[in-house]
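Given next are the chains, with one letter for each unit.
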Amino acid sequence: MAATASGQNGVVTDDAPRRGRPRTVGADEAILTATLDVAREVGFRGMAMDVIAERAGVSKATIYRRWASKEALVLEALRRAINPLDDADLGSVRADLTTYLGNLAERMATGNMADVLPHLIEWSVHDPQLRAQLDDYVAHRRRPLVAILQRGVERGEIRDDVELDTMVDAFVGPFIYRKLLTGAPIGAGFVDDLLDLLIPTITA
């Protein structure tokens, strides 16, 4: 039997050529699309690999040949389906942050995948490989906000002693807190209040 190993993003790869039927053209996309559809309908805990396989028109074994777990499959589906927010460059750090955080507020208020990431976080506590994949997912989506703050430093709007990663946490953390814990509104007023509170702490 050919040895297998989990490759990047939790995709299972073979060390030797696979025998039997070749991979179905478009199967990966069909599986990822079906995963998101089922997640939207029933939530993470209600997802069943049998249902995903039926929706995608493949066998369950086909899915497990590509992804080692349901969690890795969902994370890959999110990675492909939900693009990072754009890096707005409007000439000032306040304008850039208003646009970026406004888009974040809109996405969090209208997105239908709100229950998926909390469950991935829960499972990643017990799965180091999934934890590494989730960390990579989050780091990739932090980059536009880091770039906005870095430009603020270069323009002289933000002090050069500000720890940018900490400030990213400070800007995004309240969104997560409201979304997952308090259920308080996330909108333009919230964004303005947050900027009024935080920008004076970092400006030159």
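Computed from a predicted structure; not experimentally measured.

Draft legend 1. Quick look at the confidence of the model for the protein. Here the protein averages 82 in pLDDT, while 83% of its residues score no lower than 70. Per-residue pLDDT, averaged within each element of the protein, yields its smallest value for strand β2 (residues 12-14) (42) and its largest for helix α9 (residues 188-202) (96). In this model residues 1-9 is a low-confidence stretch, pLDDT under 50, and it forms 22 contacts with partners more than four residues away in sequence or in other chains. Low pLDDT (under 50) marks residues 11-22, which in the prediction has 23 contacts with non-local residues, meaning those over four places away or in another chain.

Draft legend 2. Layout of the packing of helix α8 (residues 164-182) against α9. At a minimum axis distance of 11 Å, the contact between α8 and α9 shows a crossing angle of 155 degrees. As judged from the angle between their axes, α8 and α9 are roughly antiparallel. Between α8 and α9 the crossing geometry is right-handed. Of the residues in α9, those in contact with M167, A170, F171, P174, F175 and R178 of α8 are F190, V191, L194, L195, L198, T201 and I202. Counted by class, the contact of α8 with α9 contains eleven nonpolar, one polar and one charged residues.

Draft legend 3. The pattern of salt bridges, seen in detail. As enumerated under the stated definition, the model contains 13 salt bridges in all. R155 is paired through a salt bridge with D96; the nearest N and O atoms lie 3.6 Å apart. With a gap of 59 residues between them, R155 in helix α7 (residues 128-155) and D96 in helix α5 (residues 93-110) connect regions that are remote in the sequence. Note on R155: relative accessible area 32%, which makes it partly exposed. Taken together, the shared-partner salt bridges in this structure form one network comprising D89, D96, R151, R155 and E157.

Conventions used here
Residues numbered from 1 in each chain as written. Predicted model: local features only at pLDDT ≥ 70, side-chain atom pairs only at ≥ 80, totals over all residues. Heavy atoms only, no water. pLDDT = per-residue confidence, 0-100. Helix = DSSP H or I, 4+ residues; strand = E, 2+ residues; numbered from the N terminus. Contact = heavy atoms within 4.5 Å. Axes fitted to C-alpha atoms, helices over the stretch in contact; angles between N-to-C directions. Parallel < 35°, antiparallel > 145°, perpendicular 65-115°, else oblique. Left-handed = near helix turned anticlockwise from the far one by under 90°. Nonpolar A, V, L, I, M, F, W, Y, C, P; charged D, E, K, R; others polar. Salt bridge = Lys/Arg side-chain N within 4 Å of Asp/Glu carboxyl O. Buried < 20%, exposed > 50% of the residue type's maximum accessible area, 1.4 Å probe, protein only.

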